[in-house]
Amino acid sequence: MSTESDELRFTDLGLAPELLKAVQDLGYETPTPIQAGAIPPLLEGRDMIGQAQTGTGKTAAFALPLLQRLDLERRDVQAVVLTPTRELAMQVATAVRSYGKHVGKHGVRVLPVYGGQPIHIQRKALQGTVHVVIGTPGRVTDHLKRGTLDLAGVHFFCLDEADEMLNMGFLEDVEWILDHAPKERQIALFSATMPSPIRRIATKHLNDPADVKFEQKTKTVQSIEQASIRVSRHNKNEALERILGVEDHEAVLIFVGTQRMAAELAEHLSSRGFGADCMHGGMNQAQRDHVVKRLRGRQIQLVVATDVAARGLDIDHIGLVVNYDLPRDPEVYVHRVGRTGRAGRAGRAVSLWQPREQGLLRSIERFSGQRMEDMRIPGVEELLARRRMRIRDQLISLAGEIPADFVAWVKEITEETDLEGDALTAAALKLAWGEGPLSAPAEPKGKGQANDHYDPVDRVEIVLPIGAQDRVRPGAIVGAIAGESGLPGKVVGKINMRERVTFVEVPAAQAERIIKALTGVRIGGRVVKPRLAHPEGAGGGYSKPRQHGPRGSSRGPKKGPPRGFRRR
Ligand code: AMP
C-alpha cells in the first residue's frame, strides 16, 4: 500500500457529487488504500482483484463505483454482489443503501437474498424494481434456476470475500453464476487470501484485471510497547475510560475513524472530567494549532484525532497512543503508533478491536512484525489500586516540603480537639479520596475477576459443519456439548449460526475436550466433526483466535511513581 494513496482525497477519484456527499455525511476523511486503488479502475469499467480483509473499507471500494455505473431510470437488476454469508449480504446491502442515499430521484433499490428467508418473499420483491441484488451464491443460483432472477441487464458483478465462499463450498455456484452472466460485464473480486481455486476463477472469468493489494514497507515501532484489547462496540467508551484510569502518561493521543467520532468522543471525555479536545480534518489550521498548543502547554492531556489531522503532529511527551478505532490500513497503524516513544522516551500503544476485526488486527501485526500483547479491560480493583497509589505518592512527595503554616494548622487542630495524628491523616486522605469505597467488594467465589461482565475467560471458537440449512436449533448444539462433554451448558458462549456452518464460542481450556467429545456425534441428523475455527495459516480470511486472558508478565512493573490522569 503506498503512502501516496494516503494523500489522495475522495474528490480525486472521479466520483459523482452525490456519492461524495454520502461519503462526507458518513464522516470519511480520506479513501482507504483499497478504495484509492480500486475505485479509479472500477469507474473506468475495468475488472479488478482486490486483496483486502474485512475492515479495510472494501465495501465502499466496490459499492461506490457500482452505484455510479447504475442507470436508475431502468427497473431491472444491473449489479450482483455475491457474499459468503447472509450476515455479510445484509451488511453490504445496508452499506450500499447508505452510500447511495443521494443518488437518483427515487433512490437505489437494493435487495439482499439469502437462504433462511422464505424464497417467495424474495421472488415477490424481485418482481418489482430492484437495481442491485446482494446474495449468497446458493440462493442466487436458486433464483436463476427458478427464473425469478434475470441476469440479462447485469453488467457489474462483485465476488466479496471470495476465499470465504471457497471455504463454505460455494465456488461451484459462483462459477455457475458467472457462466450464465452476460459476456459484456465487469467483475470485481475481493479476497483476503488468494488460494489457487480463486486464482483459477480470476484467470478464467476476469479480463486483464487491475491488481490492488498491500505492499510491505519498513516499520519502525519496535521500541513501542503494544497491547490490544478485545471489546464490543458498546463497551468502547467504558474500556477507554478504564485504560485512561490505569495508564499513567502526561499526554495521550486517541485515534478514531471519523471527524464526527473525534468531536463526540472528546466531548464525552470532557464530560467525564478528563481534559480532552479533538483534532480533525474539518477544523481549520488555526483551530488545530490551538489544540496542539493546549496539549504542549499541558492544559489538556488527551487529544482525540483523525489520521488526517494528526499527520505531522510532533509532541515529545505523548506517552500513549490509543487506537479507539483500528486503522483500516496497517501502514496507518505504524504512523499512529510512531507518535509516541519520541525523543528516546518510552512509548506505549493500546488498540481496541472488535471481534469482527480479528483479521484486520492480525494483518496489522503481520505488517508491523510485532505481536500486540493481549490485555484485558482493567477491572474496578485495578482502577482503585491505581488511584490509591497515586494519592499515596502525592502525599509522600508533599510531606517532604510541607509549608510551615500547614504544620501550624495541624498543631492548632490537635490542641483544640485532642485528635491524634493518625486520625487527622486518615481524615485528610478521606477528603482527597472523596466518595466511594477504597477497594472493590470481594467477588463471590468462582465468579472470576472484578470485571467479570467483560468476560475474562479465554475463549476460542469451534466450528461445526452444520447450520441453518440443516434446521438445527442453537439449543440442540448446547445440549449436545453439555451431554457429550459432561460440562455445564453455560460454558458455551456466543453461537453464530450461518447457512452451512456454525461457530461456537467455548472456553479455550475446554475446547479440546469439547471437540473430542463431539467428534462423530449426530446433531440435527448429521454426524459432525468439529474443529477449532480459524486455524493458523488456513486459506480463509479467518485467523487463529486470540485468547483474551489476563495480561502477560512481559510488561514488568512500572518504574517510578505513576503520575496519573487527574480528572478536572
Ligand atoms: P468494510 O471493510 O467495508 O467492512 O469497512 C469497515 C468500516 O470502515 C466500516 O464501518 C466503514 O464505514 C468504515 N470505512 C470505510 N471507508 C472508510 C473511510 N474512507 N474512512 C473511514 N472509515 C471508513
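Placed above this text is the structure.
A.B. asks: What is the right way to read the site of the ligand from this model?
C.D. replies: Close to the ligand lie 14 residues; Tyr28, Gln35, Gly55, Gly57 and Thr59 are nearest. Glutamine 35 has a polar side-chain atom sitting 2.8 Å from a nitrogen atom of the ligand. Glycine 57 places a main-chain nitrogen or oxygen 2.8 Å from an oxygen atom of the ligand. Relative to its unbound accessible area of 490 Å², the ligand is 80% covered by the protein chains.

A.B. asks: What is the right way to look at the packing of aromatic side chains in this model?
C.D. replies: Any pair of aromatic rings gets described here by the distance separating the centres and the angle formed by the planes. Taken as a whole, this structure holds 4 aromatic pairs when the rule is applied. Taking the centre distance of 5.5 Å and the plane angle of 50° together, the rings of phenylalanine 62 and phenylalanine 190 count as tilted. Taken together, the residues span a long stretch of sequence, with phenylalanine 62 in helix α4 (residues 58-68) and phenylalanine 190 in strand β6 (residues 186-191) at a distance of 128 residues. Owing to a relative accessible area of 0%, phenylalanine 190 belongs among the buried residues under this scheme. Feature note: the residues Phe10, Tyr28 and Tyr99 constitute an aromatic cluster, connected by ring pairs. The lysine or arginine in question, lysine 145, covers the ring of tryptophan 176, its NZ or CZ lying 4.9 Å from the ring centre.

A.B. asks: What is the right way to look at the sheet that holds strand β10 (residues 276-279) in this model?
C.D. replies: Strand pairing in a sheet relies on backbone hydrogen bonds. The paired strands run either parallel or antiparallel. Read across the open sheet, the 7 strands follow the order β10-β11-β9-β12-β13-β8-β14; overall the sheet is parallel. In this open sheet, the two edge strands, each paired with only one partner strand, are β10 and β14 (373-374). In terms of strand pairing, strand β12 (residues 318-323) meets strand β13 (residues 347-353) through 4 bridges, oriented parallel. Looking at β13, one finds that valine 322 is bridged to valine 350. With respect to the sheet, helix α13 (residues 285-296) is in contact with β9 (251-255), β10, β11 (302-305) and β12, its orientation differing from that of β10 by roughly 145°. Here helix α15 (residues 330-337) sits on the sheet in contact with β8 (224-230), β9, β12 and β13, set at roughly 155° to β12.

A.B. asks: Got a minute to help me understand unusual backbone geometry in this structure?
C.D. replies: Residues other than glycine predominantly adopt negative phi, and peptide bonds predominantly adopt the trans conformation. Phi is positive for aspartate 208, close to 45°, though the residue is something other than glycine. Take aspartate 208: it is sitting in the loop between α10 (196-205) and β7 (210-212). Residue classification places aspartate 208 among the exposed positions, given a relative accessible area of 57%. For aspartate 418, which is not glycine, the phi torsion reads 65° and is therefore positive. By the element assignment, aspartate 418 lies in the loop between α18 (404-417) and α19 (421-433). Take aspartate 418: its relative accessible area is 66%, and that puts it in the exposed class.

A.B. asks: Teacher, can you tell me more about the pairing of strand β1 (residues 48-51) here?
C.D. replies: Looking down a regular strand, the side chains alternate between one sheet face and the other. Bridge analysis of β1 against β7 gives 3 bridges, and the strand direction is parallel. Counterpart to methionine 48 in the pairing with β7 is alanine 210.

A.B. asks: I would appreciate a short explanation of the sheet that holds strand β17 (residues 502-507) in the present structure.
C.D. replies: As summarised here, the arrangement of the 4 strands in space is β16-β17-β15-β20, forming an open sheet in which the pairing is antiparallel. Two strands lie at the open edges of the sheet, namely β16 (495-497) and β20 (531-532), each paired on one side alone. For strand β15 (residues 459-464) and β17, the ladder comprises 6 bridges, and the chain directions are antiparallel. Residue pairing across strands places leucine 464 opposite threonine 502, the latter belonging to β17.

A.B. asks: Looking at this model, I keep getting lost on the pattern of salt bridges. Mind explaining?
C.D. replies: Oppositely charged side chains can pair when the atoms bearing their charge come close. Summed over the entire model, instances satisfying the criterion amount to 22 salt bridges. Residue aspartate 25 is joined to lysine 101 by a salt bridge in which the shortest nitrogen-to-oxygen separation is 3.2 Å. One end of the pair, aspartate 25, is in helix α2 (residues 17-25); the other, lysine 101, is in the loop between α5 (86-99) and β3 (110-113), and 76 residues separate them in sequence. By relative accessible area, which is 26% here, aspartate 25 ends up partly exposed. Here glutamate 175 makes a salt bridge to lysine 204, at a shortest N to O gap of 3.4 Å. Note that glutamate 175 is positioned in helix α9 (residues 171-179) and lysine 204 in helix α10, a separation of 29 residues in sequence. The class for glutamate 175 is buried, based on a relative accessible area of 12%. Here the salt bridges share partners, and the residues they tie into one network are Lys58, Asp160 and Glu161.

A.B. asks: Is there a simple way to think about helix α6 (residues 119-127) in this case?
C.D. replies: At 3.6 residues per turn, the α-helix brings residues three or four places apart onto the same side. Those residues of α6 that sit buried are Ile119, Gln122 and Leu126. Looking straight down α6, one finds its buried side chains confined to an arc of 65°; they lie on one side. The exposed set on the far side of α6, more than 90 degrees from its buried face, consists of Lys124 and Gln127. Those residues of α6 that are buried lie in contact with β3, β4 (132-135) and α7 (137-146).

A.B. asks: What's the story with the packing of helix α17 (residues 380-399) against α19 in this structure? I'm lost.
C.D. replies: Axis angle and axis distance: for two packed helices, these are the angle between their axes and the distance between the axes, and together they describe the pair. Contact geometry of α17 with α19 gives a least axis separation of 11 Å together with a crossing angle of 125°. Here α17 lies oblique to α19, going by the angle between them. Crossing hand, α17 versus α19: right-handed. Contacts between α17 and α19 involve Leu384, Arg387, Arg388, Ile391 and Leu395 on the former and, on the latter, Leu429, Ala432 and Trp433. Here the contact of α17 with α19 is composed, by residue class, of 6 nonpolar, no polar and 2 charged.

A.B. asks: Honestly, the packing of helix α11 (residues 236-246) against helix α12 (residues 259-271) in this entry has me stumped. Any pointers?
C.D. replies: Orientation of α11 relative to α12, taken along the N-to-C sense of each, is 55°, at an axis distance of 12 Å. Classified by the interaxial angle, the pair formed by α11 and α12 is oblique. Helix-helix and strand crossings are classified by hand; for α11 and α12 the assignment is right-handed. Contacts from Asn237, Leu240, Glu241 and Leu244 in α11 reach Leu265, His268 and Leu269 in α12. Looking at side-chain class alone, the contact of α11 with α12 contains 4 nonpolar, 2 polar and 1 charged residues.

A.B. asks: Just to check I follow, could you spell out a nonpolar patch on the surface for this structure?
C.D. replies: The grouping of Leu398, Ile402, Phe406, Val407 and Trp409 at the surface amounts to a nonpolar patch, some 510 Å² of accessible area in total. Here the element with the most residues in the nonpolar patch is α18; it accounts for 3 residues. In this fold, phenylalanine 406 is placed in helix α18.

Thresholds applied
- Residues numbered from 1 in each chain as written.
- Predicted model: local features only at pLDDT ≥ 70, side-chain atom pairs only at ≥ 80, totals over all residues.
- Heavy atoms only, no water.
- Near = heavy atom within 4 Å.
- Polar contact = N/O pair within 3.5 Å; in protein donor to acceptor, adjacent residues only side chain to side chain.
- Areas by Shrake-Rupley, 256 points an atom, 1.4 Å probe, with all protein chains shown as cover.
- Phe/Tyr/Trp six-rings, centres within 6.5 Å; stacked < 30°, edge-to-face > 60°.
- Helix = DSSP H or I, 4+ residues; strand = E, 2+ residues; numbered from the N terminus.
- Buried < 20%, exposed > 50% of the residue type's maximum accessible area, 1.4 Å probe, protein only.
- Lys NZ or Arg CZ within 6 Å of the ring centre and 35° of its normal.
- Pairing = 2+ DSSP bridges.
- Contact = heavy atoms within 4.5 Å.
- Axes fitted to C-alpha atoms, helices over the stretch in contact; angles between N-to-C directions.
- Salt bridge = Lys/Arg side-chain N within 4 Å of Asp/Glu carboxyl O.
- Arc of directions from axis to C-beta.
- Parallel < 35°, antiparallel > 145°, perpendicular 65-115°, else oblique.
- Left-handed = near helix turned anticlockwise from the far one by under 90°.
- Nonpolar A, V, L, I, M, F, W, Y, C, P; charged D, E, K, R; others polar.
- Patch = residues over 30% accessible without salt bridge, like charges linked within 9 Å, V, L, I, M, F, W, Y side chains within 5 Å.

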